[in-house]
Structures are given as structure tokens and as C-alpha cells.
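For reference, the chains in residue letters:
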Amino acid sequence: MIFGAVLAGGKGTRMGNVDKPKQFLTIGGKPIIVHTVEKFVMNDKFEKVIVLCPEQWISYTKDLFRKYLPDGSRVEVIQGGAVRNETIMNAIRYVEENYGLDEDTIMVTHDAVRPFVTHRIIEENIEKAQQGVICDTVIPATDTIVESRDGAVISAIPDRKFYYQGQTPQSFRAAAFKQLYQELTEEEREVLTDAAKVFVMKGEKVTLVQGETFNIKVTYPYDLQLAETLLGGEKKC
């Protein structure tokens, strides 16, 4: 079985003085999280689309989906964790408790504030995961990457052609992630902030899925303006 996990645990502190987490801000007349979940609901390969958010926002999130997603029977809203990978583990526990977990159970994890993910990106993530391949969605780095160990002086300028910017989805076999995550020390869990890092740290091969430059993460106030523009372009298409 294939499950989507939409990670909506962020508080949106970088968005400035807003009264709600950034995933609930509105673009094009609908909350960002609704646009994102719609992309997953449109794909009938998902058994469930699990949305994970802070406990105090669960009821609010459910109300949003009742309003904007009339065909939301495959959407389940549950509590996220304190950090990203704990949120993923909550999704895996939900699947294990309600559907069982076997070696072929696939998890497609995605940021709630990336509403412009495409059908092609989701499909390629699913295809790789079905082949037993762990994958991360990326785009080539376009700016020169500068390394500074002290924040004041450049220590290295690596060759840009070897570098990519990480996006989401990240997809993998759920049981494999659970096993590796449970083996991590507390120190490793603090450093390994997303699923791909866990697999790489443990020596697993993580392959690349080509993302899109417009698959942006809505993080700053400027991103809201850009998202409105991108949404207008989607509607014209």
C-alpha cells in the first residue's frame, strides 16, 4: 500500500507576525495546506493521505478539509511530532496500527507548504519507491555555493555542478525508515533533520527525482506573493 504523509508541523515563525501557522495562510482563496493535499488526493494510488499537524490545530484542519475537500474520505488528520522525523514516525505508527506494516508499505512524505508539487513529481516518487529505491526530490543548484565555517570568512567554494537544492517529496519503504530511525542515538536524531539524511547517514543509497523550480516552499512573506503569481499561472494553464 502507498500512503502520503503531508507534514504540517511548522509554526511559521519566519513568516513574521501572523496569527496562525503558515500552512493555513490563504493563497488563491484557499489555505496553502488545502492546495497541497488536493495534489495528493487527485492521485488514486494513495490508500490514505495522512496530514500531520500540531495537536491544537487538528480540529481546525479537519474543518478546513470538510469545507474545501468534499471528497476527503482518504484524508486523515493526526498529531505530528516535536521534530520532522518524529512526525514521520507518527505517520508510520498510524499506518502500522490501522493497516499493518510490511516490507512493501510505501511512504511519500511532503511539506504542507509546497503547494505546487506536480503529478509527475509524485508519480516518479511512487515509481522509485515501488522499485525499492529511496528517493529525494531536488533541483540543480543555480547560485554559487559558498562554505564558511565561522560565518565570516569563506572556507571553500565547491563545484556547483555537483550540488542540488533539496525539495520534497521524499519517498521510501516505511518499515526501512522505522528500523533505521529506532537505531539512531539521541545525538544523531538531533542532527538528522529529515528522512533522506537518516538513510544517507546509515549508508543507504538515496536517488534523485527531478523537481521543479516552482515547487517552492512558502516560508517568507515574499513567498506568499510569488505563490499568488504561480497560482494565477496554474489557472491559466
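As recorded in an unreviewed UniProt entry, the protein goes by Ribitol-5-phosphate cytidylyltransferase and comes from Hornefia butyriciproducens. UniProt lists a comment for the protein under the heading Catalytic activity (unreviewed entry), and it reads "D-ribitol 5-phosphate + CTP + H(+) = CDP-L-ribitol + diphosphate". Its UniProt record gives the protein the following Function (unreviewed entry) comment, quoted word for word: "Catalyzes the transfer of the cytidylyl group of CTP to D-ribitol 5-phosphate."

Let us now look at the UniProt feature "site: Positions ribitol 5-phosphate for the nucleophilic attack" (unreviewed entry) in the protein. The sites that UniProt annotates as "site: Positions ribitol 5-phosphate for the nucleophilic attack" (unreviewed entry) are Arg160 and Lys217. Along the chain, Arg160 falls in the loop between strand 7 (134-140) and strand 8 (164-173). The exposure class assigned to Arg160 is partly exposed, which follows from its relative accessible area of 38%. Apart from the residues within four sequence positions on either side, Arg160 is in contact with Ala141, Thr142, Asp143 and Thr144. Relative to the helices and strands, Lys217 is located in the loop between strand 9 (206-210) and helix 8 (221-236). What Lys217 contacts, discounting residues up to four positions off in sequence, is Lys22, Asp111, Val113, Arg114 and Asp223.

Of the positions making up helix 5 (residues 174-183), those classed as buried are Ala174, Ala175, Phe177, Leu180 and Tyr181. The inward-facing, buried residues of helix 5 contact helix 3 (84-98), strand 6 (106-111), strand 8, helix 6 (186-191) and helix 7 (195-201).

Next up on the list: the side chain of Thr118. Among the secondary structure elements, Thr118 is positioned in the loop between strand 6 and helix 4 (119-130). With relative accessibility at 18%, the residue Thr118 sits in the buried group. In contact with Thr118, other than residues within four places in its own chain, are Glu212 and Phe214.

Once that is clear, we can look at the UniProt feature "binding site: CTP" (unreviewed entry) in the protein. Under the local residue numbering, the UniProt record ascribes the feature "binding site: CTP" (unreviewed entry) to Leu7, Ala8, Gly9, Gly10, Gly81, Ala82, Val83, Arg84, Asn85, Glu86 and Thr87. Relative to the helices and strands, Val83 resides in the loop between strand 5 (75-79) and helix 3. Owing to a relative accessible area of 47%, Val83 belongs among the partly exposed residues under this scheme. Looking at the secondary structure, you find Glu86 in helix 3.

In this section: unusual backbone geometry. The omega angle of the peptide bond from Thr168 to Pro169 is 15°, so this bond is cis rather than trans. Residue position: Pro169 is located in strand 8.

Under the definition given, this model contains 10 aromatic pairs. Centre to centre, the rings of Phe172 and Phe199 are 5.4 Å apart; their planes meet at 50°, and the pair counts as tilted. Placement of Phe172 in strand 8 and of Phe199 in helix 7 is noted, with a sequence separation of 27 residues between them. Take Phe172 and Phe199: they sit in the same class, and that class is buried. Three or more aromatic residues joined by ring pairs make a cluster, and in this case those are Phe172, Phe177, Tyr181 and Phe199. For Arg189, the ring lying beneath its charged end belongs to Tyr181, and the centroid distance is 4.4 Å.

Before going further, it helps to examine the packing of helix 1 (residues 32-41) against helix 2 (residues 58-68). For the pair helix 1 and helix 2, interaxial distance at closest approach is 10 Å and the crossing angle is 65°. Pair helix 1 / helix 2 crosses with right-handed handedness. Contacts from Ile33, Val34, Val37 and Glu38 of helix 1 reach helix 2 at Thr61, Leu64, Phe65 and Tyr68. Along the lines of polarity and charge, the residues of the contact of helix 1 with helix 2 split into 6 nonpolar, 1 polar and 1 charged.

This part takes up a nonpolar patch on the surface. Taken together, the side chains of Ile145, Phe162 and Tyr163 present a nonpolar region at the surface, about 300 Å² in accessible area. Among the secondary structure elements, Tyr163 is positioned in the loop between strand 7 and strand 8. For Tyr163, a relative accessible area of 39% gives the class partly exposed.

Reading the values: the criteria
Per chain, residues are indexed from 1 in the order of the written sequence. Whole-chain, interface and lining totals are the exception, using all residues; otherwise, since this is a predicted model, local features are given only for residues with pLDDT of at least 70 and side-chain atom pairs are given and counted only at 80 or more. Each side-chain value is derived from all of the structure's non-hydrogen atoms; neither hydrogens nor water enter the calculation. UniProt positions are given in the numbering used here, feature names are shortened, and annotations may be inferred rather than shown by experiment. Where helices and strands are cited, they refer to DSSP runs of H or I of at least four residues and of E of at least two residues respectively, numbered from the N terminus. Only protein chains enter the area calculation, which uses a 1.4 Å probe; residues under 20% of their type maximum are buried, those over 50% are exposed, and those in between are partly exposed. By definition in these notes, contact holds between two residues if any of their heavy atoms fall within 4.5 Å. Geometry of aromatic contacts follows a simple scheme: Phe, Tyr and Trp rings, the Trp one being its six-membered ring, pair when their centres are within 6.5 Å, and the pair is stacked under 30 degrees between planes, edge-to-face over 60, tilted otherwise. In this analysis the charged atom, NZ for Lys or CZ for Arg, is taken to sit over a ring once it is within 6 Å of the ring centre and within 35 degrees of the ring normal. In this analysis an axis means a line fitted to C-alpha atoms, helices contributing only their contacting stretch, and an angle means the value between N-to-C directions, from 0 to 180 degrees. Rotating anticlockwise by less than a right angle from the far helix to the near helix defines a left-handed crossing, while the corresponding clockwise rotation defines a right-handed one. Throughout this entry, Asp, Glu, Lys and Arg are counted as charged residues, while Ala, Val, Leu, Ile, Met, Phe, Trp, Tyr, Cys and Pro are counted as nonpolar. The remaining residues, Gly among them, count as polar. Only residues whose relative accessible area exceeds 30% and that take part in no salt bridge are eligible for patches, with like-charged residues grouped when within 9 Å of each other and nonpolar side chains (Val, Leu, Ile, Met, Phe, Trp, Tyr) grouped when within 5 Å. Surface accessibility in these figures is a Shrake-Rupley result with a 1.4 Å probe; residues are shielded only by whichever protein chains are displayed. For this analysis, a salt bridge means a side-chain nitrogen from Lys or Arg found within 4 Å of a carboxyl oxygen belonging to Asp or Glu.

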